[in-house]
Amino acid sequence: MNSKNRTETEVPVTGLEAGLMVCHECKKVVALDDRPLNNCPRCGSPIHPRKPDSVIKSWALVLTSLILLFPANILPIMKVEYMGASEYSTIMDGIIYFFKEGSYGIGIVILVASVLVPVFKILGIMMILVSIHFRIESWLSHKTLMFRFIKFIGRWSMLDIFVIALLTGLVDFGFLTTIAAAPAAPFFCGVVITTMLAAEVFDTRLLWDAGTGKDHDHS
Amino acid sequence: MTVCPDCDLLLEAQMPHPGEKLVCPRCGCTLLAPVENSVEKTMVLSLTGLILFPPAIFLPLLTLDILGLESSGSIFTSAKAMVASGFVFTGIAVFFTSMVIPFIKLLLLFLVSMQISLGKANGATTLMFKAYKKMDEWGMLEVYMIGILVTIIKLLHMAKIEYDVGFFCFIGLMGATILSSSFLDENLYWESIFSQASASKTACQKAADKGEKAVHPA
Ligand SMILES: [Zn+2]
Ligand SMILES: [Zn+2]
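Residues numbered from 1 in each chain as written. Chains lettered and ligands numbered in written order. Predicted model: local features only at pLDDT ≥ 70, side-chain atom pairs only at ≥ 80, totals over all residues. Heavy atoms only, no water.

Adjacent strands of a sheet form backbone hydrogen bonds with each other and so pair up, either parallel or antiparallel. All names here are of chain B. Reading across the sheet, the 3 strands line up as E6-E5-E7 and stay open at both edges, with antiparallel pairing between neighbours. Since the sheet does not close on itself, it has two edges, and those belong to strand E6 (69-73) and strand E7 (160-163), each with one partner. Neighbouring strand axes in the sheet, compared pairwise and without regard to direction, differ in orientation by 20° on average. For strand E5 (residues 62-66) and E6, the ladder comprises 5 bridges, and the chain directions are antiparallel. Across the sheet, residue Ile66 finds its bridge partner in E6, namely Leu69. (Pairing = 2+ DSSP bridges. Helix = DSSP H or I, 4+ residues; strand = E, 2+ residues; numbered from the N terminus. Axes fitted to C-alpha atoms, helices over the stretch in contact; angles between N-to-C directions.)

Residue and element names in this part refer to chain B. For helix H6 (residues 165-182), spanning 18 residues, the distance from its first C-alpha to its last is 26 Å, which sits close to the expected 26 Å at 1.5 Å a residue. Those residues of H6 that sit buried are Gly166, Phe167, Cys169, Phe170, Leu173, Met174, Ala176, Thr177 and Ser180. Looking at the buried positions of H6, the neighbouring elements they touch are helix H1 (38-58), E5, helix H2 (75-84), helix H3 (88-118), helix H5 (141-155) and E7. (Expected span 1.5 Å × (residues − 1). Buried < 20%, exposed > 50% of the residue type's maximum accessible area, 1.4 Å probe, protein only. Contact = heavy atoms within 4.5 Å.)

Moving on to the coordination of the zinc ion (ligand 2). Residue and element names in this part refer to chain B. Distances from the zinc ion (ligand 2) to its protein donors, Cys4 (SG), Cys7 (SG), Cys24 (SG) and Cys27 (SG), fall at 2.2 to 2.4 Å. Every donor counted, the 4 donor atoms about the zinc ion (ligand 2) form angles of 105 to 113° at the centre, which fits tetrahedral coordination. Within one chain, the residues donating to the zinc ion (ligand 2) are spaced in sequence as C-x2-C-x16-C-x2-C. One end of the pair, Cys7, is in the loop between strand E1 (2-3) and strand E2 (10-11); the other, Cys27, is in the loop between strand E3 (22-23) and strand E4 (30-32), and 20 residues separate them in sequence. Cys27 matches Cys7 in its accessibility class, with the two residues each being buried. (Donors = N, O, S within 2.8 Å, 3.2 Å for Na, K, Ca; no water. Tetrahedral: all angles 85-135°; square planar, octahedral: opposite > 155°, others 65-115°.)

All right, on to the interface of chain B and chain A then. Each partner contributes to the interface: chain B provides 56 residues, whereas chain A provides 62 residues. Both faces considered, chain B and chain A share a buried interface measuring about 5,600 Å² in area, 70% of it formed by carbon and sulfur atoms. On the chain B side of the contact with chain A, Asp8(B), Arg26(B) and Lys154(B) bury the most area, a combined 12% of that side's loss. Our count for the contact surface shared by chain B and chain A stands at 5 salt bridges. One salt bridge in this structure joins Arg148(A) and Asp6(B), with 3.0 Å as the shortest N-O distance. Between chain B and chain A we count 19 residue pairs in polar contact (both at pLDDT 80 or more) in total. Of all elements in the fold, only E1, E5, E6, H2, H3, helix H4 (123-135), H5 and helix H7 (186-215) of chain B reach the threshold of two or more residues within the side of chain B that touches chain A. Top element by residues in the side of chain B that touches chain A is H5(B). It accounts for 11 residues. Taken together, the residues of the side of chain B that touches chain A break down into 31 nonpolar, 15 polar and 10 charged. (Buried area = accessible area lost by both parts, 1.4 Å probe. Salt bridge = Lys/Arg side-chain N within 4 Å of Asp/Glu carboxyl O. Polar contact = N/O pair within 3.5 Å; in protein donor to acceptor, adjacent residues only side chain to side chain. Nonpolar A, V, L, I, M, F, W, Y, C, P; charged D, E, K, R; others polar.)

Let's shift gears to the domain arrangement of chain A. When its domains are assigned, chain A resolves into domain 1 (1-49) and domain 2 (51-211). The C-alpha centroid of domain 2 of chain A is placed 32 Å from the C-alpha centroid of domain 1 of chain A. (Domains from an automatic or database assignment.)

So, on to the side chain of Thr126(B). Here Thr126(B) is to be found in helix H4. Residue Thr126(B) is classed as buried on the basis of its relative accessible area of 10%. Not counting chain neighbours up to four residues away, the residues in contact with Thr126(B) comprise Arg42(A), Cys43(A), Trp190(B) and Ile193(B).

Turning our eyes to something else, we now look at the pattern of salt bridges. Counted by the stated rule, this structure contains 12 salt bridges over all chains. One salt bridge in this structure joins Glu81(A) and Lys79(A), with 3.4 Å as the shortest N-O distance. Glu81(A) sits in the partly exposed class, given a relative accessible area of 26%. Residue Glu186(B) pairs with Lys133(B) through a salt bridge whose shortest N-O separation is 2.7 Å. Separated by 53 residues along the polypeptide, Glu186(B) in helix H7 and Lys133(B) in helix H4 bring together distant segments of the chain.

Attention now goes to unusual backbone geometry. All names here are of chain A. For Met83, which is not glycine, the phi torsion reads 50° and is therefore positive. By the element assignment, Met83 lies in the loop between strand E3 (78-82) and strand E4 (85-89). What makes Met83 partly exposed here is its relative accessible area of 47%.

To continue, consider the domain arrangement of chain B. Along its sequence, chain B is organised into domain 1 (1-34) and domain 2 (35-185). One C-alpha centre belongs to domain 1 of chain B, the other to domain 2 of chain B, and the line joining them spans 31 Å.

Regarding H2(B), the residues found buried are Ile75(B), Ser78(B), Ala79(B) and Met82(B). With its buried residues spanning 95° around the axis, H2(B) presents them on a single face. Contact partners of the buried residues in H2(B): helix H6 (159-170) and strand E5 (177-181) of chain A together with H1, H3, H5 and H6 of chain B. Gly86(B) lies just past H2(B) and shows a positive phi near 105°. (Arc of directions from axis to C-beta.)

Here's what the structure looks like:
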(Lines give C-alpha, C1' and ligand atoms only; values in the text may rest on other atoms or scores of the structure.)
(Ligands and ions follow the chains in the order given, each with its own letter.)
Protein backbone atom coordinates (compact mmCIF):
# COMPACT_ATOMS: atom_id res chain seq x y z
CA MET A 1 0.00 0.00 0.00
CA ASN A 2 2.86 2.29 0.91
CA SER A 3 4.64 2.08 -2.42
CA LYS A 4 1.30 2.50 -4.13
CA ASN A 5 0.62 5.72 -2.28
CA ARG A 6 3.98 7.01 -3.28
CA THR A 7 3.36 6.39 -6.97
CA GLU A 8 0.02 8.09 -6.65
CA THR A 9 1.55 11.26 -5.25
CA GLU A 10 4.43 11.19 -7.71
CA VAL A 11 2.03 11.07 -10.63
CA PRO A 12 2.75 13.92 -13.08
CA VAL A 13 0.33 16.75 -13.54
CA THR A 14 -3.41 16.58 -13.93
CA GLY A 15 -5.24 18.00 -16.87
CA LEU A 16 -6.43 20.92 -14.79
CA GLU A 17 -2.89 21.84 -13.80
CA ALA A 18 -1.85 21.65 -17.43
CA GLY A 19 -4.65 24.08 -18.27
CA LEU A 20 -6.85 21.47 -19.95
CA MET A 21 -10.38 20.33 -19.28
CA VAL A 22 -12.39 17.42 -20.61
CA CYS A 23 -15.91 17.81 -22.00
CA HIS A 24 -18.34 15.77 -19.84
CA GLU A 25 -20.34 14.66 -22.86
CA CYS A 26 -17.89 13.88 -25.68
CA LYS A 27 -14.58 13.70 -23.73
CA LYS A 28 -12.93 16.28 -25.97
CA VAL A 29 -9.89 17.92 -24.36
CA VAL A 30 -10.22 21.70 -24.40
CA ALA A 31 -7.67 24.31 -23.32
CA LEU A 32 -8.80 26.34 -20.30
CA ASP A 33 -7.35 29.57 -21.68
CA ASP A 34 -9.90 29.39 -24.47
CA ARG A 35 -12.20 30.90 -21.86
CA PRO A 36 -14.63 32.53 -21.75
CA LEU A 37 -15.53 29.42 -23.67
CA ASN A 38 -18.83 28.16 -22.29
CA ASN A 39 -19.51 25.34 -24.70
CA CYS A 40 -17.53 22.43 -26.05
CA PRO A 41 -16.31 23.21 -29.56
CA ARG A 42 -16.96 19.62 -30.66
CA CYS A 43 -20.41 18.79 -29.24
CA GLY A 44 -21.71 22.16 -28.00
CA SER A 45 -22.40 21.02 -24.40
CA PRO A 46 -21.74 23.42 -21.52
CA ILE A 47 -18.20 22.81 -20.38
CA HIS A 48 -16.72 22.98 -16.86
CA PRO A 49 -13.44 21.74 -15.36
CA ARG A 50 -15.57 19.54 -13.03
CA LYS A 51 -19.27 18.76 -13.08
CA PRO A 52 -20.96 21.68 -11.27
CA ASP A 53 -22.30 21.05 -7.72
CA SER A 54 -21.60 17.36 -8.21
CA VAL A 55 -21.17 16.39 -4.55
CA ILE A 56 -24.24 18.18 -3.22
CA LYS A 57 -26.46 16.82 -6.02
CA SER A 58 -25.19 13.29 -5.41
CA TRP A 59 -25.87 13.61 -1.69
CA ALA A 60 -29.41 14.84 -2.30
CA LEU A 61 -30.19 11.98 -4.69
CA VAL A 62 -28.56 9.24 -2.66
CA LEU A 63 -30.33 10.33 0.54
CA THR A 64 -33.64 10.39 -1.35
CA SER A 65 -33.04 6.83 -2.47
CA LEU A 66 -32.12 5.82 1.06
CA ILE A 67 -35.49 7.12 2.27
CA LEU A 68 -37.35 5.38 -0.57
CA LEU A 69 -35.54 2.12 0.17
CA PHE A 70 -37.60 1.58 3.33
CA PRO A 71 -41.13 1.60 1.86
CA ALA A 72 -39.76 -0.30 -1.16
CA ASN A 73 -38.73 -3.19 1.07
CA ILE A 74 -41.35 -3.05 3.82
CA LEU A 75 -44.51 -2.62 1.75
CA PRO A 76 -45.83 -5.45 -0.42
CA ILE A 77 -44.68 -5.25 -4.04
CA MET A 78 -46.98 -7.84 -5.63
CA LYS A 79 -50.59 -8.92 -5.26
CA VAL A 80 -51.77 -12.37 -6.35
CA GLU A 81 -55.50 -12.98 -6.55
CA TYR A 82 -56.51 -16.60 -6.53
CA MET A 83 -60.17 -17.61 -6.56
CA GLY A 84 -61.18 -14.23 -5.20
CA ALA A 85 -58.68 -14.18 -2.34
CA SER A 86 -55.84 -11.62 -2.43
CA GLU A 87 -52.37 -12.40 -1.22
CA TYR A 88 -49.73 -9.69 -0.89
CA SER A 89 -45.99 -10.31 -0.86
CA THR A 90 -42.91 -8.17 -0.25
CA ILE A 91 -39.63 -8.47 -2.18
CA MET A 92 -38.22 -10.66 0.59
CA ASP A 93 -41.30 -12.94 0.52
CA GLY A 94 -40.71 -13.51 -3.20
CA ILE A 95 -37.10 -14.50 -2.58
CA ILE A 96 -38.01 -16.80 0.31
CA TYR A 97 -40.62 -18.41 -1.95
CA PHE A 98 -37.96 -19.35 -4.51
CA PHE A 99 -35.66 -20.74 -1.85
CA LYS A 100 -38.49 -22.85 -0.39
CA GLU A 101 -39.34 -24.11 -3.86
CA GLY A 102 -35.75 -25.20 -4.26
CA SER A 103 -35.04 -22.73 -7.10
CA TYR A 104 -31.87 -21.46 -5.45
CA GLY A 105 -30.33 -20.02 -8.62
CA ILE A 106 -33.25 -17.75 -9.40
CA GLY A 107 -33.65 -16.89 -5.71
CA ILE A 108 -30.06 -15.68 -5.60
CA VAL A 109 -30.49 -13.68 -8.84
CA ILE A 110 -33.46 -11.81 -7.38
CA LEU A 111 -31.82 -11.43 -3.97
CA VAL A 112 -28.79 -9.82 -5.62
CA ALA A 113 -30.69 -7.64 -8.10
CA SER A 114 -33.49 -6.43 -5.82
CA VAL A 115 -31.95 -6.29 -2.35
CA LEU A 116 -28.15 -6.40 -2.40
CA VAL A 117 -27.58 -4.17 -5.44
CA PRO A 118 -29.71 -1.21 -4.24
CA VAL A 119 -28.18 -1.35 -0.74
CA PHE A 120 -24.66 -1.70 -2.13
CA LYS A 121 -25.22 1.21 -4.54
CA ILE A 122 -26.49 3.56 -1.84
CA LEU A 123 -23.80 2.64 0.71
CA GLY A 124 -21.08 2.73 -1.97
CA ILE A 125 -21.96 6.21 -3.21
CA MET A 126 -22.29 7.50 0.37
CA MET A 127 -18.92 6.04 1.25
CA ILE A 128 -17.32 7.75 -1.75
CA LEU A 129 -18.93 11.08 -0.85
CA VAL A 130 -17.77 10.77 2.77
CA SER A 131 -14.24 9.92 1.66
CA ILE A 132 -14.19 13.09 -0.46
CA HIS A 133 -15.34 15.09 2.52
CA PHE A 134 -12.49 13.78 4.70
CA ARG A 135 -9.97 13.85 1.83
CA ILE A 136 -9.03 10.23 2.31
CA GLU A 137 -5.96 9.47 0.24
CA SER A 138 -5.99 5.68 0.15
CA TRP A 139 -7.73 3.25 -2.18
CA LEU A 140 -8.37 5.88 -4.85
CA SER A 141 -8.23 3.51 -7.79
CA HIS A 142 -10.30 0.93 -5.89
CA LYS A 143 -12.96 3.51 -5.13
CA THR A 144 -13.00 4.58 -8.77
CA LEU A 145 -13.38 0.95 -9.79
CA MET A 146 -16.20 0.48 -7.28
CA PHE A 147 -17.95 3.55 -8.63
CA ARG A 148 -17.64 2.24 -12.19
CA PHE A 149 -19.17 -1.03 -10.96
CA ILE A 150 -22.02 0.85 -9.24
CA LYS A 151 -22.75 2.64 -12.51
CA PHE A 152 -22.72 -0.64 -14.38
CA ILE A 153 -25.10 -2.53 -12.07
CA GLY A 154 -27.50 0.41 -11.56
CA ARG A 155 -30.00 -0.65 -14.18
CA TRP A 156 -30.22 -4.31 -13.10
CA SER A 157 -32.42 -3.49 -10.13
CA MET A 158 -35.33 -2.89 -12.50
CA LEU A 159 -35.48 -6.69 -12.88
CA ASP A 160 -38.20 -7.25 -10.27
CA ILE A 161 -40.37 -4.47 -11.71
CA PHE A 162 -40.15 -6.03 -15.18
CA VAL A 163 -41.08 -9.43 -13.76
CA ILE A 164 -44.15 -7.94 -12.07
CA ALA A 165 -45.15 -6.11 -15.28
CA LEU A 166 -44.84 -9.36 -17.24
CA LEU A 167 -46.82 -11.33 -14.66
CA THR A 168 -49.52 -8.61 -14.66
CA GLY A 169 -49.80 -8.84 -18.43
CA LEU A 170 -49.52 -12.61 -18.77
CA VAL A 171 -51.40 -13.99 -15.78
CA ASP A 172 -54.88 -12.77 -16.49
CA PHE A 173 -57.33 -15.62 -15.96
CA GLY A 174 -60.25 -13.57 -14.68
CA PHE A 175 -61.69 -15.06 -11.50
CA LEU A 176 -59.24 -17.96 -11.40
CA THR A 177 -56.08 -15.93 -10.91
CA THR A 178 -54.63 -12.49 -11.66
CA ILE A 179 -51.40 -10.78 -10.63
CA ALA A 180 -50.87 -7.06 -10.09
CA ALA A 181 -48.32 -4.67 -8.60
CA ALA A 182 -48.68 -3.50 -4.98
CA PRO A 183 -47.76 -0.20 -3.23
CA ALA A 184 -44.00 -0.83 -2.96
CA ALA A 185 -43.56 -0.86 -6.76
CA PRO A 186 -43.37 2.92 -7.35
CA PHE A 187 -41.02 3.33 -4.35
CA PHE A 188 -38.80 0.62 -5.74
CA CYS A 189 -38.72 2.35 -9.16
CA GLY A 190 -37.84 5.54 -7.32
CA VAL A 191 -34.86 3.85 -5.66
CA VAL A 192 -33.55 2.65 -9.02
CA ILE A 193 -34.02 6.03 -10.72
CA THR A 194 -32.53 8.15 -7.92
CA THR A 195 -29.47 5.93 -7.47
CA MET A 196 -28.84 5.96 -11.24
CA LEU A 197 -29.10 9.76 -11.23
CA ALA A 198 -26.85 10.03 -8.16
CA ALA A 199 -24.16 8.12 -10.06
CA GLU A 200 -24.83 10.16 -13.21
CA VAL A 201 -24.23 13.57 -11.57
CA PHE A 202 -21.16 12.42 -9.65
CA ASP A 203 -17.74 13.38 -10.97
CA THR A 204 -15.07 10.76 -10.14
CA ARG A 205 -12.33 13.34 -10.64
CA LEU A 206 -13.38 14.95 -7.35
CA LEU A 207 -12.30 11.76 -5.61
CA TRP A 208 -8.81 12.15 -7.08
CA ASP A 209 -8.70 15.89 -6.42
CA ALA A 210 -9.56 15.34 -2.75
CA GLY A 211 -7.26 12.34 -2.41
CA THR A 212 -4.24 14.07 -3.93
CA GLY A 213 -4.71 17.42 -2.19
CA LYS A 214 -5.79 19.24 -5.33
CA ASP A 215 -9.31 20.13 -4.29
CA HIS A 216 -8.93 23.89 -4.53
CA ASP A 217 -11.85 25.57 -6.20
CA HIS A 218 -12.59 24.81 -9.80
CA SER A 219 -14.93 27.63 -10.62
CA MET B 1 -1.55 14.83 -25.02
CA THR B 2 -4.87 13.73 -23.64
CA VAL B 3 -6.60 13.79 -20.26
CA CYS B 4 -8.40 10.96 -18.46
CA PRO B 5 -12.10 11.88 -18.05
CA ASP B 6 -12.37 9.87 -14.81
CA CYS B 7 -9.31 10.99 -12.82
CA ASP B 8 -7.94 13.96 -14.78
CA LEU B 9 -4.52 12.37 -15.32
CA LEU B 10 -2.50 13.95 -18.09
CA LEU B 11 -1.41 11.28 -20.56
CA GLU B 12 0.84 10.88 -23.53
CA ALA B 13 -1.71 9.66 -26.04
CA GLN B 14 -1.20 7.36 -28.96
CA MET B 15 -4.10 6.28 -31.11
CA PRO B 16 -4.47 2.53 -30.46
CA HIS B 17 -5.04 0.13 -33.35
CA PRO B 18 -8.54 -1.27 -33.89
CA GLY B 19 -9.22 -3.95 -31.30
CA GLU B 20 -6.71 -2.39 -28.89
CA LYS B 21 -7.56 -0.03 -26.08
CA LEU B 22 -5.99 2.99 -24.48
CA VAL B 23 -6.45 2.57 -20.72
CA CYS B 24 -5.64 5.13 -18.04
CA PRO B 25 -2.70 3.77 -15.99
CA ARG B 26 -3.93 5.49 -12.82
CA CYS B 27 -7.63 4.64 -12.62
CA GLY B 28 -8.20 2.02 -15.34
CA CYS B 29 -10.67 4.07 -17.36
CA THR B 30 -10.89 3.14 -21.06
CA LEU B 31 -10.07 6.29 -23.00
CA LEU B 32 -10.08 5.06 -26.58
CA ALA B 33 -11.26 1.77 -28.04
CA PRO B 34 -11.33 2.01 -31.82
CA VAL B 35 -13.43 -0.52 -33.74
CA GLU B 36 -12.86 -1.52 -37.34
CA ASN B 37 -15.68 -0.47 -39.71
CA SER B 38 -17.56 0.85 -36.71
CA VAL B 39 -20.00 3.00 -38.70
CA GLU B 40 -21.05 0.22 -41.09
CA LYS B 41 -21.43 -2.41 -38.36
CA THR B 42 -23.37 -0.07 -36.09
CA MET B 43 -25.64 1.02 -38.94
CA VAL B 44 -26.49 -2.55 -39.97
CA LEU B 45 -27.15 -3.65 -36.38
CA SER B 46 -29.28 -0.67 -35.47
CA LEU B 47 -31.34 -1.22 -38.63
CA THR B 48 -31.75 -4.90 -37.70
CA GLY B 49 -32.94 -3.80 -34.28
CA LEU B 50 -35.42 -1.36 -35.78
CA ILE B 51 -36.88 -4.08 -38.01
CA LEU B 52 -37.23 -6.51 -35.11
CA PHE B 53 -38.66 -3.87 -32.79
CA PRO B 54 -42.39 -3.94 -33.78
CA PRO B 55 -42.82 -7.74 -33.66
CA ALA B 56 -40.72 -8.02 -30.49
CA ILE B 57 -42.84 -5.48 -28.66
CA PHE B 58 -46.34 -5.96 -30.05
CA LEU B 59 -46.57 -9.68 -30.90
CA PRO B 60 -47.40 -12.16 -28.12
CA LEU B 61 -44.38 -13.17 -26.07
CA LEU B 62 -45.69 -16.20 -24.22
CA THR B 63 -48.97 -18.07 -23.99
CA LEU B 64 -49.91 -19.61 -20.66
CA ASP B 65 -52.24 -22.55 -20.34
CA ILE B 66 -53.83 -23.28 -16.96
CA LEU B 67 -56.35 -26.15 -17.00
CA GLY B 68 -57.24 -25.44 -20.60
CA LEU B 69 -57.65 -21.70 -20.05
CA GLU B 70 -55.29 -19.64 -22.19
CA SER B 71 -53.79 -16.23 -21.59
CA SER B 72 -51.09 -14.51 -23.61
CA GLY B 73 -49.43 -11.14 -23.61
CA SER B 74 -46.78 -8.99 -25.26
CA ILE B 75 -44.27 -6.59 -23.82
CA PHE B 76 -46.59 -3.75 -24.79
CA THR B 77 -49.70 -5.25 -23.15
CA SER B 78 -47.70 -5.95 -19.98
CA ALA B 79 -46.76 -2.30 -19.51
CA LYS B 80 -50.30 -1.28 -20.44
CA ALA B 81 -51.77 -3.67 -17.86
CA MET B 82 -49.53 -2.14 -15.22
CA VAL B 83 -50.79 1.37 -16.00
CA ALA B 84 -54.39 0.10 -16.19
CA SER B 85 -54.11 -1.50 -12.73
CA GLY B 86 -53.46 1.96 -11.27
CA PHE B 87 -49.65 1.93 -11.12
CA VAL B 88 -49.17 4.82 -13.51
CA PHE B 89 -45.66 5.88 -12.45
CA THR B 90 -44.31 2.32 -12.43
CA GLY B 91 -46.07 1.54 -15.72
CA ILE B 92 -44.58 4.62 -17.38
CA ALA B 93 -41.12 3.72 -16.05
CA VAL B 94 -41.54 0.27 -17.66
CA PHE B 95 -42.81 1.84 -20.91
CA PHE B 96 -39.80 4.12 -21.16
CA THR B 97 -37.04 1.71 -20.13
CA SER B 98 -38.27 -1.25 -22.18
CA MET B 99 -39.86 0.39 -25.24
CA VAL B 100 -39.63 4.15 -25.79
CA ILE B 101 -35.94 4.64 -24.99
CA PRO B 102 -34.67 1.45 -26.69
CA PHE B 103 -36.57 2.45 -29.84
CA ILE B 104 -35.38 6.07 -29.88
CA LYS B 105 -31.83 4.88 -29.20
CA LEU B 106 -31.86 2.52 -32.20
CA LEU B 107 -33.44 5.17 -34.41
CA LEU B 108 -30.92 7.85 -33.42
CA LEU B 109 -27.99 5.48 -33.81
CA PHE B 110 -29.18 4.44 -37.27
CA LEU B 111 -29.71 8.03 -38.44
CA VAL B 112 -26.39 9.23 -37.06
CA SER B 113 -24.49 6.29 -38.61
CA MET B 114 -26.20 6.84 -41.94
CA GLN B 115 -25.42 10.55 -41.98
CA ILE B 116 -21.78 9.89 -41.11
CA SER B 117 -21.39 7.24 -43.79
CA LEU B 118 -22.95 9.59 -46.36
CA GLY B 119 -20.63 12.36 -45.20
CA LYS B 120 -23.62 14.57 -44.42
CA ALA B 121 -23.44 14.97 -40.66
CA ASN B 122 -24.50 18.44 -39.48
CA GLY B 123 -25.61 20.30 -36.37
CA ALA B 124 -28.67 18.09 -36.01
CA THR B 125 -26.44 14.99 -36.05
CA THR B 126 -24.52 16.43 -33.11
CA LEU B 127 -27.74 16.85 -31.15
CA MET B 128 -28.95 13.35 -32.08
CA PHE B 129 -25.72 11.70 -30.98
CA LYS B 130 -25.71 13.67 -27.74
CA ALA B 131 -29.30 12.55 -27.08
CA TYR B 132 -28.26 8.95 -27.78
CA LYS B 133 -25.45 9.17 -25.22
CA LYS B 134 -27.76 10.74 -22.63
CA MET B 135 -30.31 7.92 -23.00
CA ASP B 136 -27.78 5.13 -23.25
CA GLU B 137 -28.07 3.51 -19.83
CA TRP B 138 -31.83 4.11 -19.54
CA GLY B 139 -32.65 1.55 -22.22
CA MET B 140 -32.85 -1.77 -20.35
CA LEU B 141 -33.57 -4.54 -22.85
CA GLU B 142 -31.05 -7.01 -21.41
CA VAL B 143 -32.49 -6.52 -17.92
CA TYR B 144 -35.93 -7.17 -19.40
CA MET B 145 -34.61 -10.35 -21.03
CA ILE B 146 -33.54 -11.70 -17.64
CA GLY B 147 -36.95 -10.57 -16.37
CA ILE B 148 -38.59 -12.78 -19.01
CA LEU B 149 -36.48 -15.75 -17.92
CA VAL B 150 -37.34 -15.20 -14.26
CA THR B 151 -41.02 -14.95 -15.18
CA ILE B 152 -40.85 -18.22 -17.11
CA ILE B 153 -39.23 -20.00 -14.19
CA LYS B 154 -41.81 -18.52 -11.84
CA LEU B 155 -44.70 -19.79 -13.96
CA LEU B 156 -43.18 -23.10 -14.98
CA HIS B 157 -44.94 -25.25 -12.41
CA MET B 158 -48.30 -23.52 -12.45
CA ALA B 159 -48.95 -23.30 -16.19
CA LYS B 160 -48.00 -24.79 -19.52
CA ILE B 161 -45.90 -22.21 -21.37
CA GLU B 162 -45.78 -21.75 -25.11
CA TYR B 163 -43.13 -19.52 -26.67
CA ASP B 164 -44.56 -17.17 -29.29
CA VAL B 165 -43.04 -15.16 -32.14
CA GLY B 166 -42.50 -12.10 -29.94
CA PHE B 167 -40.18 -14.08 -27.67
CA PHE B 168 -37.74 -14.92 -30.45
CA CYS B 169 -37.94 -11.45 -31.99
CA PHE B 170 -37.16 -9.98 -28.58
CA ILE B 171 -34.01 -12.09 -28.25
CA GLY B 172 -32.92 -10.77 -31.67
CA LEU B 173 -33.78 -7.19 -30.74
CA MET B 174 -31.78 -7.41 -27.52
CA GLY B 175 -28.80 -8.97 -29.31
CA ALA B 176 -28.81 -6.35 -32.07
CA THR B 177 -29.03 -3.54 -29.49
CA ILE B 178 -26.14 -4.84 -27.38
CA LEU B 179 -23.95 -5.43 -30.43
CA SER B 180 -24.78 -2.05 -31.97
CA SER B 181 -23.55 -0.25 -28.88
CA SER B 182 -20.50 -2.48 -28.48
CA PHE B 183 -19.38 -1.75 -32.06
CA LEU B 184 -19.87 1.97 -31.54
CA ASP B 185 -16.56 3.84 -31.62
CA GLU B 186 -17.55 7.01 -29.80
CA ASN B 187 -14.44 9.01 -30.50
CA LEU B 188 -14.63 8.20 -34.22
CA TYR B 189 -18.29 9.25 -34.27
CA TRP B 190 -17.62 12.58 -32.55
CA GLU B 191 -14.65 13.32 -34.80
CA SER B 192 -16.56 12.44 -37.99
CA ILE B 193 -19.61 14.44 -36.97
CA PHE B 194 -17.45 17.42 -36.01
CA SER B 195 -15.38 17.47 -39.20
CA GLN B 196 -18.38 16.93 -41.49
CA ALA B 197 -20.53 19.48 -39.65
CA SER B 198 -17.84 22.16 -39.70
CA ALA B 199 -17.16 21.45 -43.38
CA SER B 200 -20.84 21.93 -44.21
CA LYS B 201 -20.91 25.08 -42.06
CA THR B 202 -17.98 26.65 -43.93
CA ALA B 203 -19.57 25.63 -47.24
CA CYS B 204 -22.78 27.39 -46.17
CA GLN B 205 -20.77 30.41 -45.07
CA LYS B 206 -19.06 30.60 -48.46
CA ALA B 207 -22.37 30.26 -50.27
CA ALA B 208 -23.86 32.99 -48.06
CA ASP B 209 -20.89 35.26 -48.71
CA LYS B 210 -21.23 34.69 -52.44
CA GLY B 211 -24.93 35.44 -52.27
CA GLU B 212 -24.24 38.69 -50.44
CA LYS B 213 -21.65 39.68 -52.99
CA ALA B 214 -24.10 38.99 -55.77
CA VAL B 215 -26.68 41.26 -54.12
CA HIS B 216 -24.24 44.07 -53.38
CA PRO B 217 -21.62 44.02 -56.12
CA ALA B 218 -18.75 46.14 -54.84
ZN1 LIG C 1 -18.03 17.96 -26.00
ZN1 LIG D 1 -7.78 7.90 -15.12
